[in-house]
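# Coordinate analysis (summary)
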Amino acid sequence: MDQIKAKKSGIFDDASETKKFLEEQKAAIKARVKDSPVLLLISGGVDSSVCAALLSECLNAKQLQLLYIDTGLMRLNESQKVIKALSLLKAQNLYHIDAEEDFLAALKGITDPEAKRQIIGDMFVKVQEREVQKLGLPEDYFLAQGTIYPDLAESGKGKGAEQGLVKSHHNVRSPLIEQKRAAGLVLEPLGSLYKNDVRQLGQILGLPEEITRRHPFPGPGLAVRVLGEVTKEKCDILRQADAIFTDELVKRGLYDKIWQAFAVLLPLRSVGVSDGTRSYGWTLALRAINSVDGMSAEVFNFAIKDLREIAALISSRVPEIGRLVYDITDKPPATIEWE
Ligand code: XMP
């Protein structure tokens, strides 16, 4: 933990700095954007939700378009929660695009982790371009994203570019974003912030705690947590298991003590016994880590009692899962996500 504590977790020392940042950003965005339309891509996570709240505060409601592409790779009931939270903002134009079929079809038969990320990134762009066309925005619209500092650093962009590519984050390297970046039309108001800063900013902007305290979730969603080929059936199994894991962490008062926790469905079946007969169920890995910025991480020290009870609950409620394991690898050498 010491190594993690010693690292920078944010740029704000107190609430007055957060407020100052907010006021400066609002003024800077207004000055830069003027009357041009702004399209914000929403992923449903903390970062893009905070970005939506920030932009809603400083742009006029007609000027801002919020585009939420539902990839079908989201967690249980996630889309409904996202839409409900966003509808509380002042923004008038909120588009919810159900693109599950597009994403699952593009991922069919693909098992390589980088290929999956690339395909998801490309599909985001394709769906986004298709939907943007429907909106009829002029050429010079601004594209806004809730990208934060570690996203830019790990994708070999921005101030952390010298670190090179670890994984291609779908939301940083897409051709449309590159093209918009070259034209000076990308808005990334959270680009200098760490996760903790974004949470503080979200609180000041009045977002519900359910959103601001949420664990990070990767843009490619469950596709990087269903190892190997992604199918709807596997996503459904993972969604059920992941929701039980999260609910239990909340009930046990552990959720806020952990930086990120989730389940991973492995492409591995093993023999078990159920009601006296042989079963052959999937293996599920549970991962829970602590971190300050996602760039390094340490495994969360569970009480074995909690782990065993949670594992028993998952295997009894999700019959397709026959075996559970706990991932005890720090980052490095392992990354937080398995793919
Ligand atoms: P890794 O797996 O690289 O993850 O140790 C570090 C943090 O970033 C999240 N993550 C992503 N976030 N787009 C995102 O917005 C992505 O493509 C992506 N990949 C990983 C991961 O969940 C962790 O919090």
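As a starting point, this report considers the structure included with it. None of the values given here were measured: they were computed from a predicted structure.

## Points about unusual backbone geometry
- Between Lys331 and Pro332 the backbone carries a cis peptide bond, its omega angle lying at -10 degrees.
- When you line up the elements, Pro332 lands in the segment after β9 (321–326).
- With an omega of 10 degrees, the peptide bond between Pro332 and Pro333 qualifies as cis.
- The residue Lys34 is not glycine, and still its phi comes out positive at about 50 degrees.
- Along the chain, the position of Lys34 falls in the loop between α2 (15–33) and β1 (38–42).
- Relative accessible area serves as the criterion here: at 59%, Lys34 is assigned to the exposed category.

## Overview of the packing of aromatic side chains
- All told, the structure shown has 6 aromatic pairs when counted by the stated rule.
- Connected via pairs of aromatic rings, a cluster forms that spans Phe245, Phe300, Phe302 and Tyr326.
- It is Lys180 that lies over the ring of Tyr141; its NZ or CZ is 3.7 Å from the centre.
- Across from the ring centre of Trp282, 5.2 Å away, lies the NZ or CZ of Arg269, which sits over that ring.

## A few points about the pairing of strand β2 (residues 64–70)
- Of all 7 residues that make up β2, 7 are buried, and the element is covered over most of its length.
- Residues Leu64, Leu66, Tyr68 and Asp70 line one face of β2 and the alternating positions Gln65, Leu67 and Ile69 line the opposite face, and both faces are buried.
- Pairing of β1 with β2, which is carried by 5 bridges, proceeds in the parallel orientation. Bridge pairing in β2 places Leu40 opposite Leu66.

## Thoughts on the sheet that holds strand β5 (residues 186–187)
- Strand order in the open sheet formed by 5 strands is β3-β2-β1-β4-β5, and the pairing between neighbours is parallel. Single-partner strands in this sheet number two, and they are β3 (93–98) and β5.
- The sheet strands contacting helix α4 (residues 78–87) are β1, β2 and β3, and the helix crosses β3 at an angle near 175 degrees.

## Focus: the environment of Ala241
- If you trace the backbone, Ala241 turns up in helix α11 (residues 232–251).
- Taking the C-alpha atoms as reference points, Ala241 and Val318, separated by 77 residues in sequence, lie 6.7 Å from one another.
- If we skip the residues at most four places from it in the chain, Ala241 touches Leu284, Ile314, Val318 and Ile321.

## A look at the pattern of salt bridges
- Per the counting criterion, the structure on display carries 23 salt bridges.
- Taking the shortest distance from any N to any O, the salt bridge between Arg252 and Glu248 comes out at 2.9 Å.
- Residue class for Arg252 comes out partly exposed when judged on its relative accessible area of 26%.
- Because the salt bridges share partners, they merge into one network encompassing Glu248, Lys251, Arg252, Lys305, Asp306 and Glu309.

What counts and what doesn't
Residues numbered from 1 in each chain as written. Predicted model: local features only at pLDDT ≥ 70, side-chain atom pairs only at ≥ 80, totals over all residues. Heavy atoms only, no water. Helix = DSSP H or I, 4+ residues; strand = E, 2+ residues; numbered from the N terminus. Buried < 20%, exposed > 50% of the residue type's maximum accessible area, 1.4 Å probe, protein only. Phe/Tyr/Trp six-rings, centres within 6.5 Å; stacked < 30°, edge-to-face > 60°. Lys NZ or Arg CZ within 6 Å of the ring centre and 35° of its normal. Pairing = 2+ DSSP bridges. Contact = heavy atoms within 4.5 Å. Axes fitted to C-alpha atoms, helices over the stretch in contact; angles between N-to-C directions. Salt bridge = Lys/Arg side-chain N within 4 Å of Asp/Glu carboxyl O.

Read these as geometric descriptors, not functional statements.
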